[in-house]
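Here is how the chains run, residue by residue.
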Amino acid sequence: MGKIVGRRYRYTSDYKTTRYLGPSGREEKRIVYIGKWIRPLNDESQLRRIVLIARVFVAVTLIAVLFSLFILPPPAEGKWYVIALVVSLFPIAYEVMSAFLLSAKAEKFERIKFDKSFIRLRTSSVICIVTVLLAAVGLIVYWALALFKVFEPPAPYSLRDALFALGIIAVLASSFIINNQMKLVRTEELENNTKL
């Protein structure tokens with residue numbers, strides 16, 4: 001597709017600048033999309049359902065992460081797994097941006113619009129799953145070491161720790177649902193017949 005390594009210029013080959021005679025009689029520039037179109041093969045009702053479910057679970061993911069971070073009992077000393085959960089906020093921020101750009105219309109998309117919505121949402125959900133899995137593994141290791149008296153935790157296991165774990169499970173579940181919904185979007189590439 002003619003991608004350039006620099007993110008800023010990634011889609012430049014999909015556009016061309018043309019000149020035309022404007023209403024004022026002066027020559028003006030116009031940017032025309034010449035790249036391939038991406039069209040979902042799902043019908044509009046399927047696409048609307050996929051987009052709705054994805055948006056709902058993006059909201060669930062964000063709420064579950066924030067809930068987990070706020071419910072974690074103090075002190076946070078030695079609880080290194082929290083860092084992985086905080087890092088998951090970055091892919092979740094991209095999920096939120098992508099969810100706003102999703103379109104439920106079965107129409108042709110410019111590549112940049114499709115990539116910044118459907119593709120970025122799927123990629124962000126995978127990154128979120130990885131970071132939250134690291135947090136889950138860290139949580140299990142922390143309490144397993146405490147259980148076997150390898151170290152003495154600053155505070156005993158509490159209901160808030162259990163709620164933190166439930167929050168992590170909710171984030172993982174909703175991220176998997178988002179990823180599966182994005183997998184349901186089937187597409188085809190169409191040649192661009194724009195006359196320059």
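If you're wondering where the values come from, they're calculated on a predicted model, not measured in any experiment.

Novice: Can you walk me through the overall build of the chain in this structure?
Specialist: Along the chain, the regular secondary structure elements total five helices and four strands. Taken over the C-alpha trace, the chain has a radius of gyration of 23 Å; the compact-globule value for 196 residues is 16 Å, which it surpasses by more than 25%. If you line up the chain on its principal axes, its C-alpha atoms span 80 × 35 × 30 Å. The buried share among the 196 residues of the chain stands at 38%. For the chain, long-range pairs separated by at least 24 residues make up 71% of all intrachain contacts whose partners lie at least 6 apart in sequence.

Novice: How do you make sense of the confidence of the model for the chain when you look at a structure like this?
Specialist: Low-confidence regions, as indicated by low pLDDT, have predicted coordinates that should not be scrutinised in detail. Of all residues in the chain, 94% have pLDDT values of 70 or greater, and the mean over the chain is 90. Long-range and interchain partners of residues 1-6, a stretch whose pLDDT sits below 50, account for twelve contacts in this model, where long-range means more than four residues apart.

Novice: Teacher, can you tell me more about the side chain of Asn179 here?
Specialist: Residue placement: Asn179 occurs in helix H5 (residues 159-183). The residues touching Asn179, leaving out its near neighbours within four places in the chain, are Arg122, Ser125 and Val126.

Novice: Just checking my understanding: could you explain the packing of helix H1 (residues 44-71) against H5 for this structure?
Specialist: Axis angle and axis distance: for two packed helices, these are the angle between their axes and the distance between the axes, and together they describe the pair. Two elements in contact, H1 and H5, have axes separated by 8 Å at closest approach and are oriented at 160 degrees. With respect to H5, the axis of H1 lies roughly antiparallel. Considering the relative orientation of H1 and H5, their crossing is left-handed. Within the contact of H1 with H5, the residues separate by chemical class into 19 nonpolar, six polar and two charged.

Novice: Could you clarify how one ought to interpret the pairing of strand S1 (residues 15-21) in this entry?
Specialist: One face of the sheet, then the other: side chains in a regular strand alternate in exactly this way. As defined by bridge partners, S1 adjoins strand S2 (residues 27-33) across seven bridges and the pair is classed as antiparallel. Bridge pairing links Arg19 to Lys29 in S2. What sits between S1 and S2 in their antiparallel hairpin is a turn of five residues, with Gly25 showing a positive phi close to 90 degrees.

Novice: Any chance you could explain the environment of Leu166 here in plain terms?
Specialist: By the element assignment, Leu166 lies in helix H5. Look at Leu166 and you get exposed, because its relative accessible area is 52%. Taking the C-alpha atoms as reference points, Leu166 and Ile129, separated by 37 residues in sequence, lie 15 Å from one another.

Novice: Help me out: how do you make sense of a nonpolar patch on the surface in this one?
Specialist: Side chains of Val137, Val141, Leu145, Leu147, Phe148 and Val150 sit close together on the surface and give an oily, nonpolar patch of about 610 Å² of accessible area. Note that Leu145 resides in helix H4 (residues 111-147). The exposure class assigned to Leu145 is partly exposed, which follows from its relative accessible area of 34%.

Novice: Looking at this model, I keep getting lost on the pattern of salt bridges. Mind explaining?
Specialist: A side chain with one charge can pair with a side chain of the opposite charge if their charged atoms come near. If you walk through the whole model with that rule in mind, you get seven salt bridges. A salt bridge links Glu189 to Lys36, with the nearest nitrogen and oxygen atoms 3.8 Å apart. One end of the pair, Glu189, is in strand S4 (residues 187-190); the other, Lys36, is in the loop between S2 and strand S3 (37-40), with 153 residues separating them in the sequence. Take Glu189: its relative accessible area is 46%, and that puts it in the partly exposed class. Looking at Lys36, the relative accessible area reads 31%, which means it is partly exposed.

Novice: Honestly, the packing of H1 against H4 in this entry has me stumped. Any pointers?
Specialist: Close contact between H1 and H4 brings their axes to 13 Å; oriented N to C, the two are set at 35 degrees. Along this stretch, H1 crosses H4, giving a crossing that reads as left-handed. Of the residues in H4, those touching H1 at Leu47, Val51, Ala54, Val58 and Thr61 are Phe118, Leu121 and Cys128. In terms of residue class, the contact of H1 with H4 is made up of seven nonpolar, one polar and no charged.

Novice: What's the story with unusual backbone geometry in this structure? I'm lost.
Specialist: Peptide bonds are trans in most cases, and residues, glycine excluded, mostly fall at negative phi. Cis geometry marks the peptide bond from Pro74 to Pro75; its omega dihedral reads -5 degrees. Topologically, Pro75 is positioned in the loop between H1 and helix H2 (81-87). The residue Lys149 is not glycine, and still its phi comes out positive at about 60 degrees.

Rules of the game
- For every chain, the first residue of the written sequence is number 1, and numbering continues from 1 onward in sequence order.
- Since the coordinates come from a predicted model, pLDDT governs what is reported: local features require at least 70, and pairs of side-chain atoms require 80 or more to be given and counted, while whole-chain, interface and lining totals use all residues.
- Hydrogens are left out, water is left out, and the side-chain values use all remaining heavy atoms of the structure.
- Strands here mean DSSP runs of E at least two residues long; helices mean DSSP runs of H or I at least four residues long; both are numbered from the N terminus.
- Put simply, the radius of gyration uses C-alpha atoms, and a globule should come to 2.2 Å times the residue count raised to 0.38.
- To sort residues, take the accessible area from a 1.4 Å probe on protein chains only and compare it with the maximum for the residue type: under 20% means buried, over 50% means exposed, and anything in between is partly exposed.
- By the convention used here, residues are in contact when the closest approach between their heavy atoms is within 4.5 Å.
- Note: pLDDT gives the predictor's confidence per residue, expressed from 0 to 100.
- Whenever a helix is involved, its axis is fitted only over the stretch in contact; in every case the axis is a line through C-alpha atoms, and angles between N-to-C directions fall within 0 to 180 degrees.
- The scheme is simple: roughly parallel for angles under 35 degrees, roughly antiparallel for over 145, roughly perpendicular for 65 to 115, oblique for anything else.
- Each helix crossing is assigned a hand: it is left-handed if the near helix lies turned anticlockwise from the far helix by less than a right angle, otherwise right-handed if that turn is clockwise.
- In this classification, Asp, Glu, Lys and Arg are treated as charged, Ala, Val, Leu, Ile, Met, Phe, Trp, Tyr, Cys and Pro as nonpolar, and every other residue, Gly included, as polar.
- Any two strands with at least two DSSP-identified bridges between them are counted as paired.
- Patches here are clusters of residues that have more than 30% relative accessible area and form no salt bridge, with a 9 Å joining cutoff for like charges and a 5 Å cutoff for nonpolar side chains (Val, Leu, Ile, Met, Phe, Trp, Tyr).
- Each accessible area is a Shrake-Rupley result for a 1.4 Å probe, and residues are judged covered by the shown protein chains and nothing else.
- Salt bridges are defined as contacts in which a side-chain nitrogen from Lys or Arg sits within 4 Å of a carboxyl oxygen from Asp or Glu.

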